[in-house]
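In case you want the letters, here they are:
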Amino acid sequence: MARVGLTADRLVAAAAELADEAGFENVTLSALARRFGVKDASLYSHVRNLQDLRTRLALYAGAELVERIAAAVAGRAGKEALAAFAGAYREYALERPGRYAATQIRVDQDLVADSPAMRRTAEVTYGMLRAYGLEEPDLTDAVRLLRSTFHGYCALESTGGFGASRDVQASWDRAVDALHVALAHWPR
């Protein structure tokens, strides 16, 4: 077999493409090996196992997502930042469904702590929320509220779960408005 220049980074990028094409659950070492025209065993010098590959993919996708969000919220505060954050989150989830699914897996907290992208996620998210005057433990609670709202909405939207005739974008905008009100009037 011809050498294909495999590296861990090339495998993760290919896994990201595969996840978007076929679904995160279909990202396997065998599928990647087929994509590169090599035997499965060729991948083990670059990733330890499937869990290692999926963890790397989660961190890769998380980095992409936070960079989109950071660019969207730059120079904004309050409701404008919240709307930009929410819009970038939703856009990524709908445009990159397999990568987005990867961001939802549980990753070892030591790896999260060592990841510049995950630290960037906290900086961007907490920075946006501090404009609402929130401090711990309210920051953590607000992050959980936003993540569960955004994720739930995107999960339902991506599977066609909203059957009413109301425009989905209009409902999203109202949800962001409601989150702004909740954050601005956070119970102290």
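All of these numbers come straight from a predicted model, not from anything done at the bench. (Residues numbered from 1 in each chain as written. Predicted model: local features only at pLDDT ≥ 70, side-chain atom pairs only at ≥ 80, totals over all residues. Heavy atoms only, no water.)

## Focus on the packing of helix α1 (residues 8-22) against helix α2 (residues 29-36)
Turning to step 1, where the next piece is worked out: Where α1 meets α2, the closest approach of the two axes is 10 Å, and the angle between their N-to-C directions is 105°. By the angle between their axes, α1 is roughly perpendicular relative to α2. For the pair formed by α1 and α2, the contact residues are R10, L11, A14, A15, E17, L18 and E21 on the first element and A31, L32, R35 and F36 on the second. (Axes fitted to C-alpha atoms, helices over the stretch in contact; angles between N-to-C directions. Helix = DSSP H or I, 4+ residues; strand = E, 2+ residues; numbered from the N terminus. Parallel < 35°, antiparallel > 145°, perpendicular 65-115°, else oblique. Contact = heavy atoms within 4.5 Å.)

## Regarding the packing of helix α8 (residues 138-158) against helix α9 (residues 168-184)
Turning to step 1, where the next piece is worked out: Close contact between α8 and α9 brings their axes to 12 Å; oriented N to C, the two are set at 170°. The orientation of α8 with respect to α9, classified from their angle, is roughly antiparallel. Counting all contacts with α8, which are made through A142, L145, L146, T149, F150, Y153 and E157, the residues of α9 involved are V168, S171, W172, L179 and L183.
Turning to step 2, where the next piece is worked out: Considered class by class, the residues forming the contact of α8 with α9 number nine nonpolar, two polar and one charged. (Nonpolar A, V, L, I, M, F, W, Y, C, P; charged D, E, K, R; others polar.)

## Re the pattern of salt bridges
Turning to step 1, where the next piece is worked out: Overall, the coordinates contain 14 salt bridges when judged by the stated rule.
Turning to step 2, where the next piece is worked out: Between R96 and D20 there is a salt bridge whose closest N-O contact spans 3.6 Å. Placement of R96 in the loop between α4 (78-95) and α5 (97-102) and of D20 in helix α1 is noted, with a sequence separation of 76 residues between them.
Turning to step 3, where the next piece is worked out: Owing to a relative accessible area of 31%, R96 belongs among the partly exposed residues under this scheme.
Turning to step 4, where the next piece is worked out: Here D177 ties to R174 by a salt bridge, and the two come within 3.7 Å at their closest N and O atoms. Here D177 pairs with R174, and both are found in helix α9, just three residues apart, close to one helical turn. (Salt bridge = Lys/Arg side-chain N within 4 Å of Asp/Glu carboxyl O. Buried < 20%, exposed > 50% of the residue type's maximum accessible area, 1.4 Å probe, protein only.)

## Concerning the side chain of T103
Turning to step 1, where the next piece is worked out: With respect to the helices and strands, the residue T103 is situated in the loop between α5 and α6 (109-114).
Turning to step 2, where the next piece is worked out: In this structure the side chain of T103 is engaged in a polar contact, spanning 3.0 Å, whose partner is the side chain of Q104.
Turning to step 3, where the next piece is worked out: Apart from residues no more than four positions distant in its own chain, T103 is found in contact with A58, A61, G62 and R147. (Polar contact = N/O pair within 3.5 Å; in protein donor to acceptor, adjacent residues only side chain to side chain.)

## Considerations on unusual backbone geometry
A negative phi angle is the norm for most residues apart from glycine, just as the trans form is the norm for most peptide bonds.
Turning to step 1, where the next piece is worked out: Cis geometry marks the peptide bond from E136 to P137; its omega dihedral reads 5°.
Turning to step 2, where the next piece is worked out: Assignment of secondary structure puts P137 in the loop between α7 (116-130) and α8.

## Topic: α4
Turning to step 1, where the next piece is worked out: With 18 residues, α4 should reach 26 Å at 1.5 Å per residue; the first-to-last C-alpha distance of 26 Å fits that figure.
Turning to step 2, where the next piece is worked out: Listed as buried for α4 are G78, A81, L82, A84, F85, A86, A88, Y89, R90, Y92 and A93.
Turning to step 3, where the next piece is worked out: Residues of α4 that are buried sit in contact with α3 (50-73), α5, α7, α8 and α9. (Expected span 1.5 Å × (residues − 1).)

## Thoughts on the nonpolar core
Turning to step 1, where the next piece is worked out: L82, L129, F150 and L183 are the most contacted members of the largest nonpolar core, which has 34 residues in total.
Turning to step 2, where the next piece is worked out: Where this core is concerned, the elements lending two or more residues are α3, α4, α7, α8 and α9.
Turning to step 3, where the next piece is worked out: If one sorts the elements of this core by residue count, α4 sits on top with nine residues.
Turning to step 4, where the next piece is worked out: Ignoring anything within four residues of it in the chain, the contact list for L82 reads M128, Y132, L146, F150, V176, L179, H180 and L183.
Turning to step 5, where the next piece is worked out: By size, the runner-up hydrophobic cluster in this structure holds 21 residues, among which are L11, L32, V38 and L43. (Core = buried A, V, L, I, M, F, W, Y, C linked by side-chain atoms within 4.5 Å.)

## Examining the packing of aromatic side chains
Within a pair of aromatic rings, the relevant descriptors are the distance that separates the centres and the angle that separates the planes.
Turning to step 1, where the next piece is worked out: This model, assessed by the stated rule, comprises six aromatic pairs.
Turning to step 2, where the next piece is worked out: Between F150 and W172, the aromatic rings sit 5.7 Å apart at their centres with planes inclined by 40°, giving tilted as the arrangement. With a gap of 22 residues between them, F150 in helix α8 and W172 in helix α9 connect regions that are remote in the sequence.
Turning to step 3, where the next piece is worked out: Its relative accessible area of 4% is what places W172 among the buried residues.
Turning to step 4, where the next piece is worked out: Aromatic side chains Y153 and W172 sit 5.0 Å apart centroid to centroid with 65° between the ring planes, which places their arrangement in the edge-to-face category. With Y153 in helix α8 and W172 in helix α9, the pair connects residues that are 19 residues apart, well separated along the chain.
Turning to step 5, where the next piece is worked out: Ring pairs connect the aromatic residues F85, Y89, Y100, F150, Y153, F162 and W172, which therefore count as one cluster.
Turning to step 6, where the next piece is worked out: The side chain of R54 reaches across the aromatic face of F24, ending 5.2 Å from its centre. (Phe/Tyr/Trp six-rings, centres within 6.5 Å; stacked < 30°, edge-to-face > 60°. Lys NZ or Arg CZ within 6 Å of the ring centre and 35° of its normal.)

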